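# Observations on chain architecture
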Amino acid sequence: MDYLNLIIGLIFIGVGFLGKSFPYIIAGYNTLPDDKKKNIDQEALTTAFRNGFVLIGLTVIIGYYIFKWIGLISIASIIAPVVIVVGVIALNLHVLKFRYNFKKGTKKNTNKKAPYIILVVSLTFVIGSTIYGIYPTKTVVDTQSIKFKGMYGLELRFNEIEKIEVIQQIPKILKRTNGFSFLNTKKGVFELEDLGTSRLLVHSNSSPYLLISKRKGEHIILNSNNRNETLELYNLISSRLK
């Protein structure tokens, strides 16, 4: 997957520079009659094409590695198609005016803002996903189950729980299978020493942590930024297990 996104990004960058040097590869332009081509600012068209494709390529590469670094593997895996679709639509909207008979040098041909829609959308997506990831998990307890709402949340029925205990340290994390990790926040599926595949909903590097063991052998480790809130949740869940 690393190489695939890198290759896709480099292809878009390469096509962008090719379009700048050889405008006849640009779809739509190569089929226009010669009399209409004369009315098109070829320099502006090819520059917009190059900038747009280079921006798409860089966003695919950088976006993939950023999402992978912060642990949003599921988002990293779809970054290429999302950026390509949004980017190509934005670029088409930007260069569409070049297909009409605008004279070279008019103000309508010098609008350079539209391609950067790709960057704005992508950055908004990255920042929004990060904020959503670090936002505290909301816990809702009813008579039959406990629900953890938010990124990588789940619903856990009390009859699925074998035991709950307070621990002072998380077992060593061997690898992140499908999870989010940013600063003190760790959410999702991780491979832990001794416990194996486990789900983390951790918001602080400070103890205590709650270790919930399911009857099927699965484990969930969670805590809050507030020590008292973590212990209150332990007491509440424990009372429901009696």
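This section reports on the structure supplied with the text. This one's a predicted model, so the numbers in the text were calculated from it and none came from an experiment. (Residues numbered from 1 in each chain as written. Predicted model: local features only at pLDDT ≥ 70, side-chain atom pairs only at ≥ 80, totals over all residues. Heavy atoms only, no water.)

### Structural notes on the nonpolar core
Keep this limit in mind: For this analysis, a nonpolar core means a set of buried residues of the types Ala, Val, Leu, Ile, Met, Phe, Trp, Tyr and Cys, connected via side-chain atoms within 4.5 Å. For each residue, the accessible area found with a 1.4 Å probe, counting protein chains only, is set against the maximum for its type, and the residue is called buried under 20%, exposed over 50%, and partly exposed in between. Counting from the N terminus, the helices are DSSP H or I runs at least four residues long and the strands are E runs at least two residues long. We call two residues contacting when some pair of their heavy atoms lies within 4.5 Å.
Grouped together as the largest cluster of nonpolar side chains are 21 residues, with contacts concentrated most on Phe 67, Leu 72 and Phe 180. Counting residues per element, the ones that place at least two in this core are α3 (42-70), α4 (73-76) and α5 (79-95). Looking at this core, the element that brings in the most residues is α3, giving 8 residues. Those residues within four positions of Leu 72 in sequence are excluded, and the remaining contacts are Phe 67, Ser 129, Met 151, Gly 179 and Phe 180. Ranked by size, the runner-up nonpolar core spans 14 residues in total, among them Phe 148, Leu 156, Ile 220 and Leu 222.

### A few points about the side chain of Thr 185
Positionally, Thr 185 belongs in strand β6 (residues 185-192). Exposure remark for Thr 185: the relative accessible area of 7% places this residue in the buried category. Residues contacting Thr 185, with those up to four places away along its chain left out, are Gly 133, Ile 134, Phe 180, Val 202 and His 203.

### Concerning the sheet that holds strand β2 (residues 145-149)
To keep things clear, this is the line we draw: In short, DSSP must find at least two bridges between two strands for them to pair. To get an axis, a line is fitted to the C-alpha atoms, and for a helix only the part in contact is used. The angle between two axes follows their N-to-C directions and goes from 0 to 180 degrees.
Pairing is antiparallel in the open sheet, where 3 strands are placed in the order β1-β2-β3. With partners counted over all chains shown, the strands left at the sheet margins are β1 (138-141) and β3 (154-157), one partner each. Across the sheet, the mean angle from the axis of one strand to that of its neighbour is 15°, orientation sign disregarded. In the packing of helix α7 (residues 227-241) onto the sheet, contacts are made with β1 and β2, and the angle to β1 comes to roughly 30°.

Function cannot be inferred from these measures alone, as they are strictly geometric.
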